[in-house]
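# Tertiary structure, described
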Amino acid sequence: MSNADRHGLIAQAVRESGTVTVTELAELTGASEMTIRRDLDTLAAQGVLERVRGGARTLLLRGEEPPFALRAHEAVDAKRRIAAEVSALIADGETVLLDSGTTCLEVARLLRERPVTVMPLSLQAIHILSDPPGRATLMVPGGRPRAAEGALTGPLTLASLAALRFDTAVVGCCGLSAAEGLTAYDLDDAAVKKASITSSRRVILATDAGKLGHTAYAYVGPTSLLHTLITDRTAPAEEVTALEATGTVVKTV
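A brief report on the enclosed structure follows. Source: prediction; values computed, not measured.

### Points about the environment of R112
Structurally, the position occupied by R112 is in the loop between helix 6 (102–111) and strand 5 (117–120). Here R112 falls in the buried class, since its relative accessible area comes to 14%. Separated by 22 residues in sequence, R112 and G134 have C-alpha atoms that sit 5.2 Å apart. If we skip the residues at most four places from it in the chain, R112 touches I128, L129, D131, P132, P133, G134, R135 and A136. Among the polar contacts made by the side chain of R112, one reaches the main-chain carbonyl oxygen of I128 at a distance of 3.2 Å.

Spelled out as structure tokens, the structure:
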């Protein structure tokens, strides 16, 4: 098991259980307790978890948005498959609006090598797309970056979106259900997602299956706003059926 895979498994275990011991994590991953202790120190330094005597515990309260560093370790393979499918749906020459979030960051890595015009809405994606020698044309919006997340929000971001029209918006989410629609954890982030959808001819939602059937705090809009949902094969069948009934094309990868 690679370090990244082990870190992802540890982060998921801590998040789901609340508190986990070094011994439990060693049994889960097959690594030595010494290796687990080093892993926990690394993840604690990244803000993924809190080190406690004999193990680690989650930093999350119920309903809070997981830290970016934690989400970056979750469902990595699924996010990369989703990103590949999103890239396949985008034609050369398109203008693309790229939302913030870890799945959209994987999309940025692929679009960097494509002859497309991209306006990313996070500092992380801007960094990836600005690193030469990529083929994509980078457009940078205004805005205020959210701490740690790097997502751009605020009046300048909304003004940038209002001034332009895009072929495709690739949007992420914190929660999605046929009944409750598309939701986010942050009101400012929800406002940016709404503006992104309004400014784009086609909307592709890219999210791992862990977000399906869940609802976050800030409402973005109904699923009828989405043209296509790209998710992974672990998506609950009943939720996929309900989303398709609203007119959204669902592709699992």
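### Quick word on the side chain of D208
Checked against the element boundaries, D208 lands in the loop between strand 12 (200–206) and strand 13 (218–221). Take D208: its relative accessible area is 10%, and that puts it in the buried class. Excluding residues that lie within four positions of it along the chain, D208 makes contacts with A75, K79, I82, T231 and D232.

### Some details on the pattern of salt bridges
This structure, assessed with the given rule, holds 15 salt bridges. One salt bridge connects D208 with K211, and the closest N-O pair in it is separated by 3.8 Å. Via salt bridges that share partners, R80, E106 and R109 belong to a single interconnected network.

### Comments concerning the sheet that holds strand 11 (residues 181–184)
Here we have three strands laid out as an open sheet, ordered 10-11-13, and antiparallel in their pairing. Pairing within the sheet leaves two strands with one partner each, and these edge strands are strand 10 (175–177) and strand 13. On average, adjacent strands in this sheet sit at an angle of 25° to one another, irrespective of strand direction. Relative to strand 11, strand 10 runs antiparallel, the two sharing three bridges.

### Some words on the sheet that holds strand 12
An order of 6-5-4-9-12-14-15 is seen for the seven strands of this open sheet, with the pairing classed as parallel. Each end of this open sheet is capped by a strand with a single partner; those strands are strand 6 (137–138) and strand 15 (249–252). Where strand 12 meets strand 14 (residues 228–231), three bridges bridge the pair, whose relative direction is parallel. Residue pairing for strand 14: A206 is matched across the bridge by I230. Contacts from helix 6 reach strand 4 (95–98), strand 5, strand 9 (166–171) and strand 12 within the one sheet, and its direction differs from that of strand 4 by about 150°.

### Focus on the pairing of strand 14
By the alternation rule, side chains of strand 14 split into T228 and I230 and L229 and T231, which are all buried. Relative to strand 15, strand 14 is paired through four bridges, and the arrangement is parallel. When the sheet's bridge partners are listed, L229 is paired in strand 15 with V250. Chirality of the crossover, the property in question, places the unit of strand 14, helix 10 (residues 237–245) and strand 15 among those that are right-handed.

Analysis parameters
Residues numbered from 1 in each chain as written. Predicted model: local features only at pLDDT ≥ 70, side-chain atom pairs only at ≥ 80, totals over all residues. Heavy atoms only, no water. Helix = DSSP H or I, 4+ residues; strand = E, 2+ residues; numbered from the N terminus. Buried < 20%, exposed > 50% of the residue type's maximum accessible area, 1.4 Å probe, protein only. Contact = heavy atoms within 4.5 Å. Polar contact = N/O pair within 3.5 Å; in protein donor to acceptor, adjacent residues only side chain to side chain. Salt bridge = Lys/Arg side-chain N within 4 Å of Asp/Glu carboxyl O. Pairing = 2+ DSSP bridges. Axes fitted to C-alpha atoms, helices over the stretch in contact; angles between N-to-C directions. Right-handed = clockwise from strand over helix to strand, strands pointing away.

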